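Listed below, chain by chain, are the residues.
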Amino acid sequence: MYTCAVRPEIAALSAYVPGMSIAEIQEKYGLSKVVKMASNENPLGVSPLVREALGLHAGTAFRYPQGGNPRLVAALARTHGVSPDQVVVGNGSDEIIDMLIRMLLVPGKHSVVCFEPCFSIYPIQAQVCGVEVRRHPLNADFSFDLDALFALVDDDTRLVFVTTPDNPSGYCQPLADVRRLAQRLGERFPHCLLVVDEAYMDFAGDSPEDEARFSLLASGDIPDNVAIMRTFSKSYGLAGLRLGYGILPAELAQYYWRARLPFSVNILAEEAGIAVLQDSTFRAATLECVRAGRRRLTEGLRALGCTVWPSAANFIMMQLPEGCGTAAACFEALLQRGIIIRPLKSYSLPEHLRVSVGSDEENTAFLEAMKQWMQEVRG
Ligand SMILES: *Cc1c(COP(=O)(O)O)cnc(C)c1O
C-alpha cells in the first residue's frame, strides 16, 4: 500500500487558477459558440507565417531539437539588439521564472520579494521550492511603492519581481523608477537580481514607438543586475506552443542552459518563434487591434458606469457600479451567454474582473452582454 507523503510546502499549495477553456464552457452550458477573453491571448489568433512554418516543419517532429535553440536565440538577439550570450528561451516565461527561483535561492535561507497581488507564478513556484516570499501590498490605485518593496530586501534576498505593465491591473510603472530601484539594489545588495517581467510591454503607450519610453529592454540600456522576461504568448500569439524568453546577465544565462531540462522548447515552438519574429505585418495588426480594442472596451464599460483602470496591456481590469450585483454573479451571467472573462478572486480581488481585449466582434459581444446583464439586475 502506498501512502502519499509529499513535502509540506507541496501539501500546502493552492493550484494556479487558469482562465476557463472554451471546451469546458461549451460542454457545461450546451453552447455552440463561446468567446474567450480570459487569458490575454492574441485576438488575431495565429500568424500566417507561423501556420506555414508549422506545416513545413511538421516532418521534423520525430527529431530532438538542437541543444540550446541557437537559431531562435540568434533571432531574438537580433530583434532586441542584445548579445546572444544574454538570451535564454524556455517553455513559456513561466519556465524561466521557475528556473531563476530554483537556481538562485536556497530553501530556508533565501527570500523572494514581490507585490501583493501579483502574477501568481512567482509566489507559487517559490513555495514549491520552499523559499520565503516577502510581499508588499500594491497602492490603493494599483501603482507601485518601490521604496516599500526595497525595504523588504535584505542580504539573503536573491530575487525581486516587478511586473510592468502589471497583471491584473494593466498599470505601467515609469521607467525611471524601475531604473532607480535597480540602482539602489545594485549599490546595497550585490547578490540580488531584479526581475522585470515585461510580458505585456509591447502594448504600452499609444503607438508601437512608445515602447522605448516604458521598457528597459527597448531602452537599450539594461542594468547589469536586471533580468527581463518576455513571452511569445501574448502579442506573438503562441500561448499554446509555450515559448518565452529572457534577457539575463550573461554569466547567469550560462548556468540557465546547464540547469534547465535540455529540450524544454520543442522543435515546432522554436520554428514558430523564428517565423513570427519575421512577421511584422501580423505584429503591427495585433498591436493596432489591441490598442483600438482597449480604447473601445474602456469607453464602453465606463459608459455603462463601470470603474475601469487605465491599462497599458492587452486586458482591462474593472469593477461593477453600485447596485449591479457581485463580480462573481456577473462572471457567471457572462458564461451563460458564452463569454469567458476572468474573475480576480485568486488575486484576492473578489470584486474585480479582468477582460482580455478581443477582436472587434468579440468586444461587441462582450459589451452587449454586459449591458443586458446590468439591465437585468437593475430590473
Ligand atoms: C502571461 C504572462 C506571462 C507569460 O507566461 P508564459 O509562460 O510565457 O505563457 C508572464 N508574466 C506575466 C505577468 C503574464 O501575465
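Residues numbered from 1 in each chain as written. Predicted model: local features only at pLDDT ≥ 70, side-chain atom pairs only at ≥ 80, totals over all residues. Heavy atoms only, no water.

(A) How the structure looks around the side chain of Ser143. With respect to the helices and strands, Ser143 occurs in the loop between strand E4 (132-137) and helix H7 (146-151). The buried category is assigned to Ser143, whose relative accessible area is 12%. Side-chain polar atoms of Ser143 contact the side chain of Asn139, separated by 3.0 Å. A polar contact is formed between the side chain of Ser143 and the side chain of Asp141, at a distance of 2.6 Å. With sequence-adjacent residues up to four places away left out, Ser143 is seen in contact with Leu138 and Tyr171. (Helix = DSSP H or I, 4+ residues; strand = E, 2+ residues; numbered from the N terminus. Buried < 20%, exposed > 50% of the residue type's maximum accessible area, 1.4 Å probe, protein only. Polar contact = N/O pair within 3.5 Å; in protein donor to acceptor, adjacent residues only side chain to side chain. Contact = heavy atoms within 4.5 Å.)

(B) Layout of the side chain of Arg230. Along the chain, Arg230 falls in strand E7 (residues 226-231). Owing to a relative accessible area of 4%, Arg230 belongs among the buried residues under this scheme. A polar side-chain atom of Arg230 sits 2.8 Å from a polar atom in the side chain of Glu198. Once residues within four sequence positions are removed from consideration, Arg230 is found in contact with His80, Ser93, Glu198, Met201, Glu211, Ser215, Leu217, Gly244 and Tyr245.

(C) A look at the site of the ligand. Within the structure, the ligand sits among 13 residues, and Asp197, Tyr200, Thr231, Ser233 and Lys234 are positioned closest to it. Backbone polar atom of Asp94 to an oxygen atom of the ligand: 3.0 Å apart, as the coordinates give it. The contact in question runs from an oxygen atom of the ligand to an N or O atom on the side chain of Ser233, over 2.6 Å. Here the residues of the shell around the ligand are counted per class, giving three nonpolar, six polar and four charged. (Near = heavy atom within 4 Å. Nonpolar A, V, L, I, M, F, W, Y, C, P; charged D, E, K, R; others polar.)

(D) Spatial organisation of the packing of helix H5 (residues 93-104) against helix H11 (residues 250-259). Relative to each other, H5 and H11 sit at 100°, their axes nearing to 11 Å. On the basis of the axis angle, H5 is roughly perpendicular to H11. Contacts from Glu95, Ile96, Met99, Leu100, Met103 and Leu104 of H5 reach H11 at Leu252, Tyr255, Tyr256 and Ala259. Class assignment of the residues belonging to the contact of H5 with H11 gives a composition of nine nonpolar, no polar and one charged. (Axes fitted to C-alpha atoms, helices over the stretch in contact; angles between N-to-C directions. Parallel < 35°, antiparallel > 145°, perpendicular 65-115°, else oblique.)

(E) A look at the sheet that holds strand E8 (residues 244-247). Pairing in this open sheet of seven strands is mixed, and the strands run E2-E8-E7-E6-E5-E3-E4 from one edge to the other. Strands with a single pairing partner mark the edges of an open sheet, and in this sheet they are strand E2 (87-90) and E4. Within this sheet the neighbouring strands show an average axis-to-axis angle of 25°, counted without direction. In the sheet, strand E6 (residues 193-197) pairs with E7 via four bridges, with the strands oriented parallel. Bridge assignment links Val195 to a residue of E7, and that residue is Ala227. Against the sheet, H5 contacts E2, strand E5 (157-163), E6, E7 and E8, and its axis sits at roughly 160° relative to E5. Packed on one face of the sheet, helix H8 (residues 175-188) meets E5, E6 and E7 and runs near 160° to E6. (Pairing = 2+ DSSP bridges.)

(F) Spotlight on the pairing of strand E13 (residues 352-356). Within E13, five of the five residues are buried, which leaves it mostly tucked inside the rest of the structure. Burial along E13 is two-sided: His352, Arg354 and Ser356 and Leu353 and Val355, pointing in opposite directions, are all buried. Strand direction decides the pairing type here: strand E10 (residues 315-319) and E13, joined by five bridges, are antiparallel. Paired with Met318 across the bridge in E13 is Leu353. Sheet topology note: the strand E12 (residues 342-343)/E13 ladder contains two bridges and is antiparallel. Bridge pairing in E13 links Pro343 to Leu353.

(G) Molecular detail of the pattern of salt bridges. Taken as a whole and judged by the stated rule, the model has 19 salt bridges. Close ionic contact of Glu198 with Arg230 constitutes a salt bridge, the shortest N to O distance being 2.8 Å. Of this pair, Glu198 sits in the loop between E6 and helix H9 (211-214) while Arg230 sits in strand E7, and the two are 32 residues apart along the sequence. An identical accessibility class is assigned to Glu198 and Arg230; each is buried. Asp210 serves as the salt-bridge partner of Arg213, at 3.0 Å between the closest nitrogen and oxygen. (Salt bridge = Lys/Arg side-chain N within 4 Å of Asp/Glu carboxyl O.)

(H) Structural detail: the sheet that holds E13. Across the sheet, four strands lie side by side as E9-E10-E13-E12; this open sheet has antiparallel pairing. Both edges of this open sheet fall to strand E9 (307-308) and E12, since each of them pairs with a single strand only.

(I) Structural context of the packing of aromatic side chains. Taken as a whole, this structure holds 11 aromatic pairs when the rule is applied. Both rings, one in Tyr64 and one in Phe263, keep their centres 4.7 Å apart while their planes meet at 35°; by these two values the pair is tilted. Of this pair, Tyr64 sits in the loop between helix H3 (48-57) and helix H4 (70-80) while Phe263 sits in the loop between H11 and helix H12 (267-277), and the two are 199 residues apart along the sequence. Relative accessible area serves as the criterion here: at 65%, Tyr64 is assigned to the exposed category. Overall, the relative accessible area of 38% leaves Phe263 in the partly exposed class. When the ring centre of Phe150 is taken as reference, the NZ or CZ atom of Arg184 above it lies at 4.1 Å. One cation-aromatic arrangement involves Arg354 over Phe315; the distance from NZ or CZ to the ring centre is 5.4 Å. (Phe/Tyr/Trp six-rings, centres within 6.5 Å; stacked < 30°, edge-to-face > 60°. Lys NZ or Arg CZ within 6 Å of the ring centre and 35° of its normal.)

(J) Representation of the pairing of E2. The alternating pattern of E2 places Val87 and Val89 on one face and Val88 and Gly90 on the opposite face, and all of these are buried. Judged from the four bridges that link them, E2 and E8 form a sheet pairing that is antiparallel. Paired with Val88 across the strands is Gly246, a residue of E8.

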